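Observations on the model geometry
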Amino acid sequence: MTAPDPLRAAKALRGAAAGVLVLEGLAVLFVPRGIAQTEEGLGGVRLTLLLVLSLLLILSSGVQRRERGLLIGTALQVPLLLTGLMNSVMWFVGGAFVLIWLYLLQVRKELIGSRFAPVTAARTGDADGGGPATP
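Residues numbered from 1 in each chain as written. Predicted model: local features only at pLDDT ≥ 70, side-chain atom pairs only at ≥ 80, totals over all residues. Heavy atoms only, no water.

1. Remarks on the side chain of Ser 54
Which entries qualify depends on this criterion: Every helix listed is a DSSP run of H or I at least four residues long, and every strand listed is a run of E at least two residues long, numbered separately from the N terminus. The cut-offs for exposure are 20% and 50% of the maximum accessible area for each residue type, with area from a 1.4 Å probe on protein chains only; residues under the lower value are buried, those over the upper are exposed, and the others partly exposed. Any two residues whose heavy atoms approach within 4.5 Å are treated as being in contact.
For Ser 54, the position within the fold is in helix H3 (residues 44-62). A relative accessible area of 2% places Ser 54 in the buried class. When sequence neighbours within four positions are dropped, the list of residues in contact with Ser 54 reads Gly 25, Val 28 and Leu 29.

Listed below in structure tokens is the structure:
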């Protein structure tokens, strides 16, 4: 099944992907609070890694308009999931976000025909290449 208007579907899915990335960035900002209460504590390296990841996730939401936006967002799912090494709860939170991301990619594949390929303009008019009929 493909969408009747692939450009419109791609735009909607880009918006959803951007929203998910912003939420992921905000969720990563909560990790230092959880780590600070553990025995290891929160060191400068951990804090820096988490802040950089959060910033990258939020900034990558702005690049979803670009052709490689989905690839960048998909690549950032790996470090998001790996935050579980710092705080075990993030295995579940990161895992949930990764599943949401994979679902968005699957919906994109069903509506547009490809997970990452650029979307071409929908063809308008009738089969012989002419424009819409005018009365």
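2. A word on H3
To keep things clear, this is the line we draw: Helix span, expected: 1.5 Å multiplied by one less than the number of residues in the helix. This arc describes the spread of directions from the helix axis toward the C-beta atoms.
Between its terminal C-alpha atoms H3 stretches 28 Å, which fits the 27 Å expected from 19 residues at 1.5 Å a residue. Here H3 has its buried residues at Leu 50, Leu 53, Ser 54, Leu 57, Ser 60 and Ser 61. For H3, the arc enclosing every buried residue in end-on projection is 130°, short of the 170-degree limit, so these residues lie on one face. Among the exposed residues of H3, those oriented more than 90 degrees off its buried face are Gly 44, Val 45, Leu 55 and Leu 59. In this structure, the buried side of H3 is in contact with helix H1 (6-29), helix H2 (31-36), helix H4 (69-75) and helix H5 (77-82).

3. Side note on the environment of Leu 55
One can find Leu 55 in helix H3. Judged by relative accessible area, Leu 55 falls into the exposed class, the value being 51%. Along the chain, Leu 55 and Gly 25 lie 30 residues apart, while their C-alpha atoms are 6.7 Å from each other.

4. Section: the packing of H1 against H3
Pairs of packed helices are described in terms of their axes, by the angle between the two and the distance that separates them. Quick note on the threshold: In this analysis, axes come from line fits to C-alpha atoms, helices being fitted only over the stretch in contact, and the angle between any two N-to-C directions falls in the range 0 to 180 degrees. The cut-offs work like this: below 35 degrees is roughly parallel, past 145 is roughly antiparallel, 65 to 115 is roughly perpendicular, and the gaps in between are oblique. For any helix crossing, the convention is left-handed if the near helix is rotated counterclockwise from the far helix by under a right angle, and right-handed if that rotation is clockwise. Polar here means any residue other than Ala, Val, Leu, Ile, Met, Phe, Trp, Tyr, Cys and Pro, which are nonpolar, and Asp, Glu, Lys and Arg, which are charged; Gly is therefore polar.
Interhelical geometry of H1 versus H3 gives an angle of 165° and a closest axis separation of 7 Å. Accordingly, the angle class assigned to the pair H1 and H3 is roughly antiparallel. Classified by chirality, the crossing of H3 by H1 is left-handed. In this structure, H1 contributes Ala 18, Leu 21, Val 22, Glu 24, Gly 25, Val 28 and Leu 29 to the contact, and H3 contributes Leu 50, Leu 51, Leu 53, Ser 54, Leu 57, Ile 58, Ser 60 and Ser 61. The residue inventory of the contact of H1 with H3, partitioned by class, reads 10 nonpolar, four polar and one charged.

5. Quick notes on the packing of H1 against helix H6 (residues 89-112)
Two elements in contact, H1 and H6, have axes separated by 10 Å at closest approach and are oriented at 175°. If you check the angle between H1 and H6, you find them roughly antiparallel. Of H6, the residues touching H1 (which contributes Pro 6, Ala 9, Ala 10, Leu 13, Ala 16, Ala 17, Val 20, Leu 21, Leu 23, Glu 24, Ala 27 and Val 28) are Met 90, Val 93, Phe 97, Ile 100, Trp 101, Leu 104, Val 107, Arg 108, Leu 111 and Ile 112. Among the residues forming the contact of H1 with H6, the class breakdown is 20 nonpolar, no polar and two charged.

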